[in-house]
Amino acid sequence: MGSDSEAEKSAHKEKERKKMLALAPIAKPLAGKKLCKRTLKLVRKAAEHKCLKRGVKEVVKSIRRGHKGVCVIAGNISPIDVITHVPILCEEADIPYVYVPSKEDLASAGATKRPTCCVLVMTKPAKGELEKGEQEKLKSDCDQVVSEINEITASLF
């Protein structure tokens with residue numbers, strides 16, 4: 001029960017390889033395995049606390065209204081034209097952004113069944129208030145992800 005069989009391991013590797021082949025050429029900065037896992041965990045927490053905007057339309061609207069946070073974009077979107085303007089908006093608003101390999105993984109972390117192009121993780125909920133401890137925890141997790149994104153971005157440019 002403890003270890004995976006060879007067939008399961010090879011199937012998992014094949015699945016990961018297919019995810020990487022489907023990536024768009026503009027998907028930079030792309031999160032590595034560790035950062036991707038941490039980012040999706042942050043998205044999951046934000047979804048629980050209602051601090052998440054899902055989809056291109058909501059994310060663009062929130063950025064234009066001045067909301068701050070972290071933008072997580074799926075790298076396997078087709079056609080890519082759907083999300084090409086989102087990184088530019090993020091850069092103009094000084095919002096860190098990162099690409100993750102799969103829109104399906106992003107949707108499951110964001111508590112939806114429908115694959116999602118991008119999400120905006122905000123430190124404060126749009127309506128109401130969070131408990132002080134929960135908001136501090138969410139903010140610290142967000143800051144940790146932002147610092148890792150800044151490291152990746154600095155190495156690119």
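Given the structure is predicted, the values throughout are model-derived calculations rather than measurements. Each residue is numbered by its place in its chain's sequence as written, counting from 1. Given that this is a predicted model, residues contribute local features only at a pLDDT of at least 70 and side-chain atom pairs are listed and counted only at 80 or more, while totals for whole chains, interfaces and linings are drawn from all residues. Just so you know, side-chain values use all the structure's heavy atoms and leave hydrogens and water out.

Digging into the overall build of the protein chain
To keep it simple, the criterion reads: Helix and strand definitions here come from DSSP, where helices need a minimum of 4 consecutive H or I residues and strands a minimum of 2 consecutive E residues; each element is numbered from the N-terminal end. Based on C-alpha atoms, the radius of gyration is set beside the globule rule, defined as 2.2 Å times the residue count to the power 0.38. Note on classification: 1.4 Å probe, protein chains only; a residue is buried when its accessible area is under 20% of the maximum for its type, exposed when over 50%, partly exposed between these limits.
Within the protein chain, the regular secondary structure consists of six helices and four strands. Here the C-alpha radius of gyration of the protein chain, 16 Å, is about what a compact globule of 157 residues would show, namely 15 Å. Based on the C-alpha atoms only, the size of the protein chain along its principal axes is roughly 50 × 40 × 30 Å. Of all 157 residues assigned to the protein chain, the portion counted as buried reaches 44%.

Side note on the environment of P101
Residue position: P101 is located in the loop between β3 (97–100) and α5 (103–109). A residue is classified by how much of its surface remains accessible, and P101, at 11% relative accessible area, is buried. Between the C-alpha atoms of P101 and G75, which are 26 residues apart in sequence, the distance is 5.0 Å.

Details of the side chain of E148
To keep it simple, the criterion reads: In this analysis, two residues are considered to be in contact whenever any of their non-hydrogen atoms come within 4.5 Å of each other.
With respect to the helices and strands, E148 occurs in helix α6 (residues 132–156). For E148, the residues in contact, after removing those within four places along its chain, are L35 and R38.

Points about the nonpolar core
Nonpolar side chains in soluble globular proteins tend to end up buried together. Quick note on the threshold: To form a nonpolar core, buried Ala, Val, Leu, Ile, Met, Phe, Trp, Tyr and Cys residues must be joined to one another through side-chain atoms within 4.5 Å.
V43, I63, C71, I73, V86 and L106 are the most contacted members of the largest nonpolar core, which totals 45 residues. Only α2 (33–48), α3 (56–65), β2 (69–74), α4 (86–92), β3, α5, β4 (118–122) and α6 provide two or more residues apiece to this core. Broken down by element, the residue count for this core peaks at seven residues, all from α2. Setting aside anything within four residues of it in sequence, one finds I63 in contact with L89, C90, A93, I95 and L120.

What about the packing of aromatic side chains?
Using the following cut-off: Pairing of aromatic rings covers Phe, Tyr and the six-membered ring of Trp, with a centre-to-centre limit of 6.5 Å; geometry is then stacked below 30 degrees between planes, edge-to-face above 60, and tilted otherwise.
Following the criterion strictly, the structure yields one aromatic pair and no others. Seen in terms of ring centroids, Y97 and Y99 are 6.3 Å apart; in terms of plane orientation they differ by 80 degrees. Their pairing is edge-to-face. The exposure classification of Y97 matches that of Y99, with both residues buried.

Here's the deal with the UniProt feature "domain: Ribosomal protein eL8/eL30/eS12/Gadd45" (unreviewed entry) in the protein chain
Here is the rule we go by: UniProt positions are given in the numbering used here, feature names are shortened, and annotations may be inferred rather than shown by experiment.
As annotated by UniProt and renumbered to match this structure, "domain: Ribosomal protein eL8/eL30/eS12/Gadd45" (unreviewed entry) occupies residues 40–124. Across residues 40–124 one finds 39% helix and 21% strand; the C-alpha atoms that close the span lie 18 Å apart.

Quick look at α6
How we decide: Given the number of residues in a helix, its expected span is that number minus one, multiplied by 1.5 Å.
The terminal C-alpha atoms of α6, which comprises 25 residues, lie 36 Å apart, in line with the 36 Å expected from a rise of 1.5 Å per residue. Within α6 the residues assigned to the buried category are Q135, L138, D141, C142, V145, V146, E148 and I149. Buried positions along α6 lie against α2, β2, β3 and β4.

Concerning the environment of L35
Tracing the sequence through the fold places L35 in helix α2. Sequence-wise, L35 and R64 are 29 residues apart; in three dimensions their C-alpha atoms are separated by 27 Å. Those residues in contact with L35 that lie beyond four places of it in its chain are V98, V145, E148, I149 and I152.

Some thoughts on unusual backbone geometry
The step from K28 to P29 runs through a cis peptide bond, and the omega angle for that step is 5 degrees. Relative to the elements of secondary structure, P29 occurs in the loop between α1 (6–21) and α2. Cis rather than trans, the peptide bond between S78 and P79 has omega equal to -5 degrees. With respect to the element layout, P79 can be found in the loop between β2 and α4. Of note in this structure, K50 is not a glycine but carries a positive phi near 60 degrees. Structurally, K50 can be placed in the loop between α2 and β1 (52–54). Residue K50 is classed as exposed on the basis of its relative accessible area, which comes to 65%. One non-glycine residue, A111, lies in positive phi territory at about 65 degrees. Looking at where A111 falls in the secondary structure, it is placed in the loop between α5 and β4.

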